[in-house]
Amino acid sequence: MSRVSVPCHVKSTVALQVGDMRTSQGRPGVLVIDVTFPSVGPFELQEIVFKNYYTAFLSIRVRQHTSMYTPAKWVTCLRDYCLMPDPHSEEGAQEYVSLFKHQGLGRQHLGSLLVRRLLGSELGPRWVLVCVCQMLCDMARVLELRLILRQPSPLWLSFTVEELQIYQQGPKSPSMTFPKWLSHPVPCEQPVPLLEGLPDPSRVSSEVQQMWALTEMIRASHTSTRIGRFDVDGCYDLNLLSYT
Amino acid sequence: MLQEESDLSLVIAQIVQKLKGSHLYAQLERQAWGSWEKRILKSLNSMCTELSIPLARKRPVGEQKELLNKWNEMGTDEPDLSLFRPVYAPKDFLEVLINLRNPNYENGDSLSFRTHLGLIQVPLKVKDIPELKEFFVELGLTTGQLGIDDSTQVPPELFENEHVRIGQKVLAEQDSAAAQQYVRQGSPTALRAELWALILNISSQPEDILYYEQLKTNVIQHDLLVDSLIYKDVKLTASNDDYYFVFEDYLYQVLLCFSRDTSVLGHFAYNSASPPKSYIRGKLGLEEYAVFYPPNGVIPFHGFSMYVAPLCFLYHEPSKLYQIFREMYVRFFFRLHSISSHPSGIVSLCLLFETLLQTYLPQLFYHLREIGAQPLRISFKWMVRAFSGYLATDQLLLLWDRILGYNSLEILAVLAAAVFAFRAVNLMEVTSLAAAEAVLADLSTLKVMPLLQIFLFATVT
């Protein structure tokens, strides 16, 4: 399941506050971030990825293109999604979050989502907290996004979301599908009686699918350490430790 | 179908859980840890240059033969270690933790509902007593415990016999999850070694013994500066301890091999620290000649050998002892000397300890703070060493049973608070940090399970 990044323009955050912002004492607890897609027409949104920075609750509203004659309207797709279970403490405060549109995905896919790495971060591969959540609306024909961030705790100086990236469904890449013979045995080769003691072939094929997913995952995470050997060609004469 | 799916999900959930909270937050916190790591490297480098000893060198053949001959009695060696000093001690590490600050956190002068009166100023989520009661439900007053219900006054038919019978059954079934659940109520002495091996998934296969022998060969072939640090640490700590001095030779055999074990590098995937790097002599800057130093990436600090010493009571075969220690290190002990926001990390344990004391013994906390004896300054060394060397060994092993059973180090913070609660009356009368330290200097007579039970389940809040 591939995805394609959609170029977006993230507007600066707008704080919502009651009264005069210059004279009031407290810090705003609600921020709004508008995201527009100037170079792309209405598209089907598949995934929203961002790095949280002390936002406690997130709501997302979407402006969808309906038809030529009715004006586009705003629909709430996520309401008060909790990013920080305790707004006063650090838990969840700086997590990478991926919001994936639930589209009748099976449990198997949930497994592979959880281990997918977020590439392209300057800190290198990062583990992503994936939230496969029920978006309340259909994410087709998206024109604009509005993220409403809430942080009720007075302990934090600021809060926002960073590194916002939007993805739409990419074309199905053939390399990601299983070889045909693995999932669809040729009908004429089906064994007629199931031999005693042998497992059911369809069960085995699904187990192999899961093993395949795991090996892909392991292969994707490179380890640069050589197993067992710590020396270089038998030599371990060292001078000083390096600070970099 | 569903079983495999849920197994896979379980494995992945465990991986996510392990990685969650293992990152360091915020630029400044990362900088604090980075500058601490740099300090350690500088200290090691300056020791190298001052003493004109290389970080690592290949032993000449004669020296190799000699070491091989006295492998089982390295303790009889009395090298001159006076010029070596430990790279750091727990109290240095405490200073780093005290200075951890979150730049996004309101650290104003005015008191607010979340002002931290203790030393740790990082707002991590820690459990309170109701949550701890739920988490440690098997330690409750109505559940039998080894450490309480096996005392001489209690007839063994009431609890002990049945508990031992269940333990033997668990071992017969070789059920690791059941063993983990079982040791929450303590492990009988006779079964403990096997139960811990079962929980940690250690089975002495021939390849494990071969691996250990390979590490031994590495020790014979290469001499590391870190070896001298290990020698010094063992001589200063374990050799001076009444309970552990007999195991001195075992400690060398385990720790010297541990330093050469590159498989330990794997734990840096979920540890926010990073292993120190060096280059082969003459090849500075060339990545193909970059190596980790020591090979396992862990620089021992003062008291490190105390992680191994209690295990010597359980395992007498060096390769098994080694495997058990290595597994316990990469699962638990590394969290005690590296910074992370994990609930079992040392920062969370310190905060849990201070919060428990502040909430449930406010008068004591306030009094100690007023006399300049912040409680964490006294209890930190207990927690960093997982109480090894402070408690009597049978009590320590009962404590470590629960660490394995609950897969969490939080019990260390709870025990530290329970000790303060136990000696509260004496502590209220002291007027200086030194006097407070004196009251809490000797923990060898304490019985941990009654203390924990009373603190969690029998204290009027």
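Position numbers for residues count from 1 along each chain, tracking the sequence in the order it is written. As a convention, the first chain written is A and the first ligand written is 1, with the rest following in written order. With pLDDT at 70 or above as the cut-off, local features in this predicted model cover only qualifying residues; side-chain atom pairs require 80 or more to be listed or tallied, and sums for whole chains, interfaces and linings still use all residues. For side-chain calculations, the full set of non-hydrogen atoms in the structure is used, while hydrogens and water are omitted.

1. What to know about the overall build of chain A
Worth spelling out the cut-off: Each helix is a run of H or I in the DSSP string that is no shorter than four residues. Each strand is a run of E no shorter than two, and both are numbered from the N terminus. Burial here depends on accessible area, computed with a 1.4 Å probe over protein chains only, as a share of the maximum for the residue type. Under 20% is buried, over 50% is exposed, and the range in between is partly exposed. Should any heavy atoms of two residues lie within 4.5 Å, those residues are counted as being in contact. Only the protein chains shown count as cover for residues, and all accessible areas are computed by the Shrake-Rupley method using a 1.4 Å probe.
When helices and strands are counted, chain A shows 3 helices and 14 strands. Split into buried and exposed, the 244 residues of chain A put 36% on the buried side. A fraction of 76% describes how many contacts in chain A between residues 6 or more apart in sequence connect residues 24 or more apart. As presented, chain A carries roughly 14,300 Å² of accessible surface, and 59% of it is formed by carbon and sulfur atoms.

2. Some details on the confidence of the model for chain B
Residues and elements named next belong to chain B. To keep things clear, this is the line we draw: On a scale of 0 to 100, pLDDT captures the predictor's confidence in every residue.
Per-residue confidence for chain B gives a mean pLDDT of 88; residues scoring 70 or more make up 92%. Here helix H1 (residues 2–19) stands out as the element of chain B with the lowest mean pLDDT, 53, in contrast to helix H17 (residues 410–422), whose mean of 97 is the highest. Taken over the whole predicted complex, pTM reads 0.83, whereas the ipTM for its chain interfaces reads 0.74.

3. Remarks on the nonpolar core
Residues and elements named next belong to chain B. What counts here: Put simply, a nonpolar core is a bunch of buried Ala, Val, Leu, Ile, Met, Phe, Trp, Tyr and Cys residues held in one set by side-chain atoms that sit within 4.5 Å of each other.
Among the nonpolar cores identified, the biggest contains 161 residues, and Tyr293, Phe325 and Ile346 are the most heavily contacted of them. Among the elements that take part in this core, H17 stands out by supplying 10 residues, more than any other. The contact partners of Ile346, leaving out residues within four places of it in the chain, are Phe93, Leu97, Arg335, Leu336, Ser338, Phe380, Met383 and Val384.

4. Thoughts on the state of the cysteines
Defined as follows: When two cysteine sulfur atoms lie within 2.5 Å, the pair is treated as a disulfide.
Scanning the entire structure with this criterion turns up 0 disulfides over all chains. Its sulfur unpaired, Cys257(B) is 13 Å from the next cysteine sulfur, which belongs to Cys312(B).

5. Here's the deal with the pairing of strand S13 (residues 160–169) of chain A
All names here are of chain A. We count it as follows: Note on pairing: two strands pair once DSSP finds at least 2 bridges between them.
Relative to S13, strand S1 (residues 3–6) runs antiparallel, the two sharing 4 bridges. Note on S13: the bridge partner recorded for Ser5 is Tyr167. Of the strand pairs in this sheet, strand S5 (residues 45–53) and S13 are connected by 7 bridges, and their pairing is antiparallel. Looking across to S13, one finds that Ile48 is bridged to Ile166.

6. Structural notes on the packing of aromatic side chains
Basically, it comes down to this: Here a pair means two rings of Phe, Tyr or Trp (six-membered ring of Trp) with centres within 6.5 Å. Their orientation is stacked below 30 degrees between planes, edge-to-face above 60, and tilted elsewhere. Charge-over-ring contacts are defined here by two conditions on Lys NZ or Arg CZ: a distance within 6 Å of the ring centre and an angle within 35 degrees of the ring normal.
Scanning all chains against the criterion turns up 32 aromatic pairs over all chains. Seen in terms of ring centroids, Tyr53(A) and Tyr54(A) are 4.9 Å apart; in terms of plane orientation they differ by 90°. Their pairing is edge-to-face. The same class applies to Tyr53(A) and to Tyr54(A), which are both buried. Where Phe304(B) meets Tyr307(B), the ring centres are 5.4 Å apart and the plane angle is 80°; that geometry is what we call edge-to-face. Neither Phe304(B) nor Tyr307(B) differs from the other in exposure class; each is buried. Connected via pairs of aromatic rings, a cluster forms that spans Trp36(B), Tyr88(B), Phe93(B), Phe258(B), Phe301(B), Phe304(B), Tyr307(B), Phe325(B), Tyr329(B), Phe333(B), Phe380(B) and Trp400(B). For the cation-ring pair, Arg146(A) lies above Trp74(A), with the distance from its terminal atom to the ring centre recorded as 4.5 Å. It is Lys127(B) that lies over the ring of Phe135(B); its NZ or CZ is 4.3 Å from the centre.

7. Here we look at H17(B)
All names here are of chain B. Note the threshold: One fewer than the residue count of a helix, multiplied by 1.5 Å, yields its expected span.
Its 13 residues place the ends of H17 19 Å apart at the C-alpha level, agreeing with the 18 Å of an ideal helix rising 1.5 Å per residue. Of all the 13 residues making up H17, 11 are buried; the element is thus mostly covered by neighbouring parts of the structure. Residues Glu410, Ile411, Leu412, Ala413, Val414, Leu415, Ala416, Ala417, Ala418, Val419 and Phe420 constitute the buried set of H17.

8. So, the packing of H17(B) against helix H20 (residues 448–457) of chain B
All names here are of chain B. So the rule is basically this: Each axis is a line fitted through C-alpha atoms, taken for helices only over the stretch in contact, and angles between the N-to-C directions span 0 to 180 degrees. Convention used here: angles under 35 degrees read as roughly parallel, angles over 145 as roughly antiparallel, angles from 65 to 115 as roughly perpendicular, and any remaining angle as oblique.
Closest axis-to-axis distance for the H17/H20 pair is 9 Å, and the angle between their directions is 85°. Taken together, the axis directions place H17 and H20 in an arrangement best described as roughly perpendicular. Contacts between H17 and H20 involve Ile411, Val414, Leu415, Ala417, Ala418, Val419, Ala421 and Phe422 from the former and Val448, Leu451, Leu452, Phe455 and Leu456 from the latter.

9. Regarding unusual backbone geometry
Geometrically, the link from Tyr293(B) to Pro294(B) is a cis peptide bond, its omega value of -15° lying close to zero. By secondary structure assignment, the location of Pro294(B) is in the loop between strand S4 (290–292) and helix H12 (318–331). In the Ramachandran plot, Arg141(A) falls in the positive-phi region, its phi being about 55° despite a non-glycine side chain. Among the structural elements, Arg141(A) can be located in the loop between strand S11 (129–133) and strand S12 (142–150). Under the relative-accessibility criterion, Arg141(A) is labelled partly exposed at 38%. Phi is positive for Asn201(B), close to 60°, though the residue is something other than glycine.

10. Some thoughts on the pairing of S5(A)
Residue and element names in this part refer to chain A. The buried fraction of S5 is high, at 9 of 9 residues. Pairing analysis gives 5 bridges linking S5 to strand S8 (residues 96–101), with the strands arranged antiparallel. Across the sheet, the residue bridging to Glu47 is Phe100, located in S8.

11. Observations regarding the environment of His9(A)
One can find His9(A) in strand S2 (residues 9–10). Residues His9(A) and Phe100(A), 91 residues apart in the sequence, show an inter-C-alpha distance of 20 Å.

12. Re the pattern of salt bridges
Residue and element names in this part refer to chain B. To keep things clear, this is the line we draw: By definition here, a salt bridge exists when the distance from a side-chain nitrogen of Lys or Arg to a carboxyl oxygen of Asp or Glu is within 4 Å.
If you walk through the whole model with that rule in mind, you get 22 salt bridges over all chains. With a shortest N-O distance of 4.0 Å, Lys125 and Glu131 are connected by a salt bridge. With a relative accessible area of 34%, Glu131 lands in the partly exposed category. A salt bridge links Asp401 to Arg192, with the nearest nitrogen and oxygen atoms 2.8 Å apart. Of the two residues, Asp401 is situated in helix H16 (residues 393–406) and Arg192 in helix H8 (residues 189–199); the sequence distance between them amounts to 209 residues. Residue class for Asp401 comes out buried when judged on its relative accessible area of 0%.

13. Side note on the packing of H16(B) against H17(B)
All names here are of chain B. Applied cut-off: As a working rule, the residues Ala, Val, Leu, Ile, Met, Phe, Trp, Tyr, Cys and Pro are called nonpolar, Asp, Glu, Lys and Arg charged, and the rest polar, with Gly in that last group.
Relative orientation of the contacting elements H16 and H17 amounts to 140°, with a least axis distance of 9 Å. Taken together, the axes of H16 and H17 lie oblique to each other. Contacts between H16 and H17 involve Leu399, Arg402 and Ile403 on the former and, on the latter, Ile411, Leu412 and Leu415. The residue makeup of the contact of H16 with H17, split by class, is 5 nonpolar, no polar and 1 charged.

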